[in-house]
Amino acid sequence: MNFTGFTMVELITTKRDGDALPPDALRWIISEYTADRIPDYQMSAFLMAIVFNGMSSTELGAWTDAMLHSGDVLDLSAVTKPKIDKHSTGGVGDKISIPLAPIVAACGIAVPMMSGRGLGHTGGTLDKLESIKGFSTTIDPSDFADQLDDLGVAMVGQSETLVPADRRIYALRDATGTVPSVPLISSSIMSKKLAEDLDGLLLDVKVGSGAFMKTVEEATTLAETMVGIGERHGTPVTALLTNMSQPLGRAVGNANEIAESIDVLRGGGPEDIRRLTVRFAVEMLLLAGERDVDTANARVTEAIDSGAAFEVMVALVQRQGGDPAVIENTDLLPSAAHEHVLAAPRSGVVTRCDAYEIGVAGVRLGAGRATKKDDVDPAVGFLIEAKVGDVIEKGEPLALIAYNDESKLHSAIEALAGAWDIASDVGAAPAPTEGLILGEIRS
Ligand code: URA
């Protein structure tokens, strides 16, 4: 298999050695890989070369466009409401899209949300949604506009017709350590989002140990890159940089994150999740044309308090084949056979609750995938009992671990060994939700 005389090996070698490839070569790689004519082992090597050597903006533009046009681009011109979506760059316990989409839909905005599965140590919206019995994350493109008109929201994944290149590359990156790369993350996210025919996009760019970008500087580069791609396609983008040094909320897993999302739709849920969800909803209303922040806040609060957002969630689950009884009663979600209490080794105040180590432990427990072929276990996961700023006594739970397989439990506990720091000086910890939003970039 070759590109005008060059073999894939030569293209990999060029990228490995830090040289730029012409747009035609990048388009060729995307189309051949999508058609299963480039094997995974060569694509993995190519992706790793991108992780190490990056891409020029010309390369990134060609690569993103090729991914975007690897399948259909939705035509949602028949949808009269403004179409606004949100995407996160990936975190631990980050279930915000799940309550957010129905809240924004209840405010009269169309949310055509195309999400991803777990990636590396981070969780994925699609895996979480699939813990609702029967829920299908695929919708026929011809039904998409109808569902958006009727309900104001659709939550789907990449498919054989919608950005199939990202579907394949995403799964490969998950299993080959090729996630943390500005061009690979930007092209993956923006190809999906630009295929949705949007009027505006909100990006949650995570920063910290549990994010792929560990520093504000790296996250700013990623945010600016994605805002720039949006600008070139005429799509307004707002990017908020948010703190991912500890997991969001208490639940880390799949089914348990759905339960926590439903709590938010019922007006409860953990403070950090509620705050971010409301802030993101307000930003999406602003992208949709609302001019006044106070009015946007009031509309979002009303959507939650009136139960309208919860009702949209019930209708969404029903429309996509899921069992709505699960939303009415989250005890019906899958549950694990066993529970283990991870106890605090000493008394004091929690000064670190590490999102990365907890995310890795979640993958080991079975909440994520170790290889492309693995299924996730929707029932396993953690309830984090001690977060930064909490005062804890020796022997009290740091986390409750729901598990099905003893050997996976042991492996997860090993990963958790260094996840918490506990200081004896109770004045040592920062406020728990201090610095939740670390910056913003707008087009
Ligand atoms: N979300 C995506 O869709 N892709 C990435 O690469 C990271 C987060």
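In this text the structure is predicted, and so the values were computed from the model without any measurement.

So, the overall build of the protein chain
Looking only at helices and strands, one finds 17 helices and 15 strands in the protein chain. Relative to its length of 443 residues, the protein chain is compact, with a C-alpha radius of gyration of 21 Å against a globular reference of 22 Å. Each principal axis of the C-alpha atoms in the protein chain carries an extent, and together these give about 65 × 45 × 40 Å. The buried share of the protein chain, taken over its 443 residues, is 56%. Pairs at least 24 apart in sequence give 79% of the contacts found in the protein chain among residues at least 6 apart. When the 37 positive and 63 negative side-chain charges of the protein chain are each reduced to one mean point, those points stand 2 Å apart.

Regarding the domain arrangement of the protein chain
Domain annotation of the protein chain identifies domain 1 (8–54), domain 2 (84–330 + 438–442) and domain 3 (335–423). Distance from the C-alpha centre of domain 2 to the C-alpha centre of domain 3: 24 Å. Each side of the interface is counted separately: domain 2 has 28 residues, and domain 3 has 24 residues. A combined buried area of about 1900 Å² lies between domain 2 and domain 3, and 53% of that area is made up of carbon and sulfur atoms. For the interface between domain 2 and domain 3, the tally reads 3 salt bridges. Across the pair E385 and R250 runs a salt bridge whose closest N-O atoms are separated by 2.0 Å. For the side of domain 2 that touches domain 3, the elements supplying multiple residues, two or more each, are α8 (164–176), β8 (251–253) and α11 (255–265).

Overview of the sheet that holds β8
Two modes of strand pairing occur in sheets, parallel and antiparallel, and in both the strands are linked by backbone hydrogen bonds. On the basis of which strands lie adjacent, the open sheet formed by 4 strands has the order β8-β11-β13-β9 and antiparallel pairing. Here the strands that pair on one side only, and so sit at the sheet edges, are β8 and β9 (338–343). Here the strands of the sheet are splayed against their neighbours by 20° on average, with no regard to which way each runs. Sheet topology note: the β9/strand β13 (residues 397–403) ladder contains 6 bridges and is antiparallel. Note that in β13 the partner of H338 across the bridge is Y403. Taken strand by strand, α11 contacts β8 and β11 (381–384), and its axis lies near 145° from that of β8. Sheet strands in contact with helix α17 (residues 406–416) are β9, β11 and β13, and its direction is about 150° off that of β13.

A word on the sheet that holds strand β10 (residues 348–353)
In spatial order, the strands read β12-β10-β14; together these 3 strands make up an open sheet with antiparallel pairing. What marks the edges here is a single partner per strand, and that holds for β12 (391–392) and β14 (420–423).

Considering the site of the ligand
Around the ligand, the surrounding shell consists of H87, S88, T89, L119, Y170, R173, I185, S188, I189 and K192. With respect to the ligand, the side chain of H87 contributes an N or O atom lying 2.9 Å from an oxygen atom. A distance of 2.9 Å separates an oxygen atom of the ligand from a polar side-chain atom of R173. The protein chains hide 97% of the 230 Å² of surface that the ligand would expose on its own. In this structure, the ligand is accommodated by the largest cavity. Those elements giving two or more residues to the shell around the ligand turn out to be β3 (84–88), α8 and α9 (182–194).

Section: the pairing of β13
Burial within β13 is extensive, with 5 of its 7 residues counted as buried. Across 4 bridges, β11 lies against β13 in antiparallel orientation. Across the sheet, residue G381 finds its bridge partner in β13, namely A402.

A word on unusual backbone geometry
Look at D36: it is not a glycine, yet its phi comes out positive at around 65°. Following the sequence through the fold, D36 ends up in the loop between α2 (23–34) and α3 (40–53). Since its relative accessible area comes to 58%, D36 is described here as exposed. Non-glycine residue V163 carries a positive phi angle of around 35°. Mapping V163 onto the fold places it in the loop between β5 (153–157) and α8.

About the criteria used
Residues numbered from 1 in each chain as written. Predicted model: local features only at pLDDT ≥ 70, side-chain atom pairs only at ≥ 80, totals over all residues. Heavy atoms only, no water. Helix = DSSP H or I, 4+ residues; strand = E, 2+ residues; numbered from the N terminus. Rg over C-alpha atoms; globule rule 2.2 N^0.38 Å. Buried < 20%, exposed > 50% of the residue type's maximum accessible area, 1.4 Å probe, protein only. Contact = heavy atoms within 4.5 Å. Lys, Arg positive; Asp, Glu negative; His and termini not counted. Charge placed at Lys NZ, Arg CZ, Asp CG, Glu CD. Domains from an automatic or database assignment. Buried area = accessible area lost by both parts, 1.4 Å probe. Salt bridge = Lys/Arg side-chain N within 4 Å of Asp/Glu carboxyl O. Pairing = 2+ DSSP bridges. Axes fitted to C-alpha atoms, helices over the stretch in contact; angles between N-to-C directions. Near = heavy atom within 4 Å. Polar contact = N/O pair within 3.5 Å; in protein donor to acceptor, adjacent residues only side chain to side chain. Areas by Shrake-Rupley, 256 points an atom, 1.4 Å probe, with all protein chains shown as cover. 1 Å grid on protein atoms, 1.4 Å probe; cavity = no way out; pocket = protein on both sides within 12 Å on 5 of 7 lines; lining within 4 Å. Sits in = over half its atoms within 2 Å of the grid points.

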